[in-house]
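# Summary of structural features
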Amino acid sequence: MRLTPLAAFVMSFFLATAAAAAAPAATPATSAPAMQGTATASAADAQFADLSKRWLDGAMRLSPVGATQTGDHRFDSDIDDLSAAGRAKSLAFSKRMLDELHTIDRSKLSRENQVDAALLDNQLRYDVFNAERLQGWAWDATIYTGLEGSALFTLMARDFAPMPDRLRSATARIEKLPGLFAQMRANLDPARVPLIHAQTASKQLHGALDIIDGMIVPQEKELPAADRARLDAAIANLRKAIAEQQAWIDKTLVPNAKGDFRIGRKLFDEKLAFALDSNLGRAELRKRAEAEIVRTRAQMYDIARGAIAGKPGAPTAPAKPTPDQQQAVIQFALDLAAADRPARDKVVDTAKEQLAKATAFVRGHDLITLPDAPVQVILMPEFARGVSVAYCDSPGPLDKNLATFYAVSPIPDDWTDAQTTSFLREYNTRSIAELSVHEAMPGHYVQIWHSNKYPSTVRAVLGSGSFIEGWAVYAERMMAEQGFLDHDPLYRLVQLKWYLRATANAILDQAIHVDGMSRDDAMKLMTRTTFQEEREASGKWVRAQLSSTQLSTYFVGVQEHLDILREAKQKWGKDFDLKRYHDTVTSFGSPPARYVEELMFDHPIK
């Protein structure tokens, strides 16, 4: 999952993902035919350059926490203003920028700027939609707890500045967090807040104290006495404010949270169009996903037949199975994979081991140019837990040579042995290898590193979730096809199961929010049709309630990536080379795939 807790809202009024701002220009993969057209600067290009510069500056000022993640540290002592006045200021800014953008004749822009102008237009309209139509500030309690944790984590996690400077910025933000809590109480309408959002916010609220106690207090000795005293006073005040806010959430918000987590057909379709920026609509998306489930299950059956041959207790596996026979054979083979799983306290260690294997494989097979900046497997911060099992948190490209975090959530302490076993069956050793491919190598970590080298500031901050997630799902398939883990058939089955999960995500997303799918039907789709364990399916049900349209990005994105791959093979013919392809397709930043296709193959920019 690329959508980090920060990206979930901190930058949502102007960023589609947590990818960040401009880096020095890198030379794209010039070996590919019909790469980027040579642009001739025009008056329109100059006008757009001025507009985009002012947009970026204004956006960063309006979202200081997002700016920190981006690598713009001018506002590290501030936090986002979610008051009515602050929201009005952000909305007016978006509308003003949109009006100015529409005065530019895009036909006179360079090809690269035509793409960037389209991205900015989509984002600005998305901003207006979020503020005026979706209105998450009035019902999504996790917006505030996510911002609370991100405000501090983004300062302390990476060494972008001397520790005393970051501690002073953290002090200033800690002093401002009680004001954010007051905005939360003023903005949220309990009648509109879904119970799941209120309950999740309740669990996340104390995450800021974990950051303070684990990342800030141990560094206090770096400060002079006066600064340390100010920090201690700010922390003491925040502890009191969090206790009061926790009481308000638990005693007022949760009991009165009566909102519907389903956003409904109209809002979903509008949001989906913005989130995907794709030619693939909801109906066609559903049709393709359902067909892919049938096709993938048949492929899994053929692999499973060989994997279980001669195994004690193996079910009958005829060439033409009944639905029940197909189910039994695939499940038996997946059970063999699930038997090889880490201990409860070894999930993070296993992730590190599998990441090392994936890195060695990618390097040994020379599949893509590898990053010169590190990746670290970390325990997911508490404020970020409750949405996904893992995520990739890349640094903004303005922060040079800093680590990417591959964050893995621990197993909750209050889970029973049965729940823990269910989770570890899903995230068995082979599955954690797949997770490491998706989040890090050669998935998000590698692709975002390439993306951050693209010279366009606008494109850097307006990364497409479907392109980013699609690349990670494509990477899973590519690694299995190239023979990762010694062509192990059980690993191939796990990879195809993950693809089924991505496909089911797209169905769940719209079926839940538009069609009113029940939990029982959702669990059946996940646990039987796509072979997910109970803990994975239960967690996905929560995630589907907390989010909308993001679950569609995986399937849409990988379909688009596969389309580009087919076109490259057709056009390049005998000159096709996998590394050349990978370096090329990741060289344009992270715009929606249709723009990558247009730039790669010199199609008109639509």
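Preceding block: the structure.
Read on for a plain summary of the structure.

Rules and cut-offs
- Residues numbered from 1 in each chain as written.
- Predicted model: local features only at pLDDT ≥ 70, side-chain atom pairs only at ≥ 80, totals over all residues.
- Heavy atoms only, no water.
- Helix = DSSP H or I, 4+ residues; strand = E, 2+ residues; numbered from the N terminus.
- Rg over C-alpha atoms; globule rule 2.2 N^0.38 Å.
- Buried < 20%, exposed > 50% of the residue type's maximum accessible area, 1.4 Å probe, protein only.
- Contact = heavy atoms within 4.5 Å.
- Areas by Shrake-Rupley, 256 points an atom, 1.4 Å probe, with all protein chains shown as cover.
- Pairing = 2+ DSSP bridges.
- Axes fitted to C-alpha atoms, helices over the stretch in contact; angles between N-to-C directions.
- Phe/Tyr/Trp six-rings, centres within 6.5 Å; stacked < 30°, edge-to-face > 60°.
- Lys NZ or Arg CZ within 6 Å of the ring centre and 35° of its normal.
- 1 Å grid on protein atoms, 1.4 Å probe; cavity = no way out; pocket = protein on both sides within 12 Å on 5 of 7 lines; lining within 4 Å.
- Points joined across faces, edges and corners; volume = space filled by probe spheres on them.
- Nonpolar A, V, L, I, M, F, W, Y, C, P; charged D, E, K, R; others polar.
- Polar contact = N/O pair within 3.5 Å; in protein donor to acceptor, adjacent residues only side chain to side chain.
- Core = buried A, V, L, I, M, F, W, Y, C linked by side-chain atoms within 4.5 Å.
- Lys, Arg positive; Asp, Glu negative; His and termini not counted.
- Salt bridge = Lys/Arg side-chain N within 4 Å of Asp/Glu carboxyl O.

### Quick word on the overall build of the protein chain
For the protein chain, the count of helices and strands is 25 helices and three strands. Radius of gyration (C-alpha) of the protein chain: 24 Å, near the 25 Å computed for a compact globule of 606 residues. Buried residues in the protein chain amount to 61% of all 606 residues. A sequence separation of at least 24 residues applies to 81% of the contacts in the protein chain between residues at least 6 apart. Surface summary for the protein chain: the accessible area is close to 22700 Å², and the carbon and sulfur share equals 52%.

### A few points about the sheet that holds strand β1 (residues 375–379)
Across the sheet, three strands lie side by side as β1-β3-β2; this open sheet has mixed pairing. The open sheet has two free edges, formed respectively by β1 and β2 (390–393), since each of these has just one partner strand. Shown here is a sheet whose adjacent strand axes are inclined to one another by a mean of 20°, direction ignored. Against the sheet, helix α14 (residues 347–365) contacts β1 and β3 (404–408), and its axis sits at roughly 165° relative to β1.

### Brief notes about the packing of aromatic side chains
Applying the stated criterion across every chain, the model contains 14 aromatic pairs. With centroids separated by 5.2 Å and ring planes inclined at 10°, the aromatic side chains of Tyr126 and Phe274 adopt a geometry described as stacked. Residue Tyr126 is found in helix α5 (residues 111–134), and its partner Phe274 is found in helix α11 (residues 265–276); the two are separated by 148 residues along the sequence. Residues Tyr126 and Phe274 agree in their burial class; the two are buried. These aromatic residues form a ring-pair network of at least three members: Trp415, Phe423, Tyr427 and Trp498. The aromatic ring of Trp137 is capped on one face by Arg87, whose charged end is 3.6 Å from the ring centroid. Positioned above the aromatic ring of Trp415 is the side chain of Arg535, whose terminal nitrogen or guanidinium carbon lies 5.1 Å from the ring centre.

### Looking at empty space enclosed by the protein
Applying the stated criterion to the full structure yields five cavities of 30 Å³ or more. For the second largest cavity, the lining is made up of 13 residues, of which Leu334, Ala338, Arg425, Asn428 and Lys497 are closest to its centre. Those elements giving two or more residues to the lining of the second largest cavity turn out to be α13 (323–338), α15 (417–426) and α20 (489–513). With five residues, the single largest contributor to the lining of the second largest cavity is α13. When grouped by side-chain class, the residues that make up the lining of the second largest cavity number five nonpolar, three polar and five charged.

### What about the side chain of Thr145?
With respect to the helices, strands and loops of the structure, Thr145 is situated in helix α6 (residues 142–156). Judged by relative accessible area, Thr145 falls into the buried class, the value being 1%. A distance of 2.7 Å separates a polar atom in the side chain of Thr145 from a polar atom in the side chain of Gln204. What Thr145 contacts, discounting residues up to four positions off in sequence, is Ala201, Gln204 and Leu205.

### A look at helix α16 (residues 429–439)
Among the 11 residues of α16, 11 are classified as buried, and the element is accordingly described as predominantly covered. When α16 is considered as a whole, its buried residues turn out to be Thr429, Arg430, Ser431, Ile432, Ala433, Glu434, Leu435, Ser436, Val437, His438 and Glu439. Where α16 starts, the residue carrying a side-chain oxygen 3.1 Å from the main-chain nitrogen of Arg430 turns out to be Asn428.

### Here we look at the environment of Thr529
Structurally, Thr529 can be placed in helix α21 (residues 519–529). Residue classification places Thr529 among the partly exposed positions, given a relative accessible area of 25%. Along the sequence, Thr529 and Ala504 sit 25 residues apart, while their C-alpha atoms lie 8.8 Å from each other. Among residues more than four places away in sequence, those in contact with Thr529 are Ile293, Arg297, Leu500 and Lys524.

### Observations concerning the environment of His444
The topology assignment puts His444 in helix α17 (residues 444–451). Measuring from C-alpha to C-alpha, the distance between His444 and Val473 comes to 9.7 Å, with 29 residues separating the pair along the chain.

### With respect to the nonpolar core
Of all hydrophobic cores here, the largest spans 137 residues; its most connected members are Trp55, Tyr406, Met441, Tyr474, Met479, Tyr581 and Met600. Here this core gets 15 residues from one element, more than from any other, and that element is α20. Counting 49 residues, the second largest nonpolar core, distinct from the first, contains Leu147, Phe181, Trp248 and Ala407.

### Section: unusual backbone geometry
Cis geometry marks the peptide bond from Met441 to Pro442, where omega comes out at 5°. Considering the arrangement of structural elements, one finds Pro442 in the loop between α16 and α17. With a phi close to 45°, Asp277 is a non-glycine residue in the positive phi region. Within the fold, Asp277 resides in the loop between α11 and α12 (282–308). Unusually for a residue other than glycine, Leu485 sits at a positive phi of about 60°. Along the chain, Leu485 falls in the loop between α19 (465–481) and α20. Looking at Leu485, the relative accessible area reads 23%, which means it is partly exposed.

### Overview of the side chain of Glu476
You can see Glu476 is positioned in helix α19. It is Arg501 that comes nearest to the buried, bridge-free Glu476 among opposite-charge side chains, at 7.3 Å.

### Side note on the pattern of salt bridges
Scanning the model with the defined rule gives 41 salt bridges in all. Residue Arg166 pairs with Asp159 through a salt bridge whose shortest N-O separation is 2.8 Å. Asp159 gets classed as exposed once you look at its relative accessible area, which sits at 60%. The residue Arg295 makes a salt bridge to Glu292 at a minimum N-O spacing of 2.8 Å. Here the residue Arg295 and the residue Glu292 both occupy positions in helix α12, the gap between them amounting to three residues, near one helical turn. Under the relative-accessibility criterion, Arg295 is labelled partly exposed at 36%. One network of salt bridges, with partners in common, ties together Glu426, Lys497, Arg501, Glu536 and Lys540.

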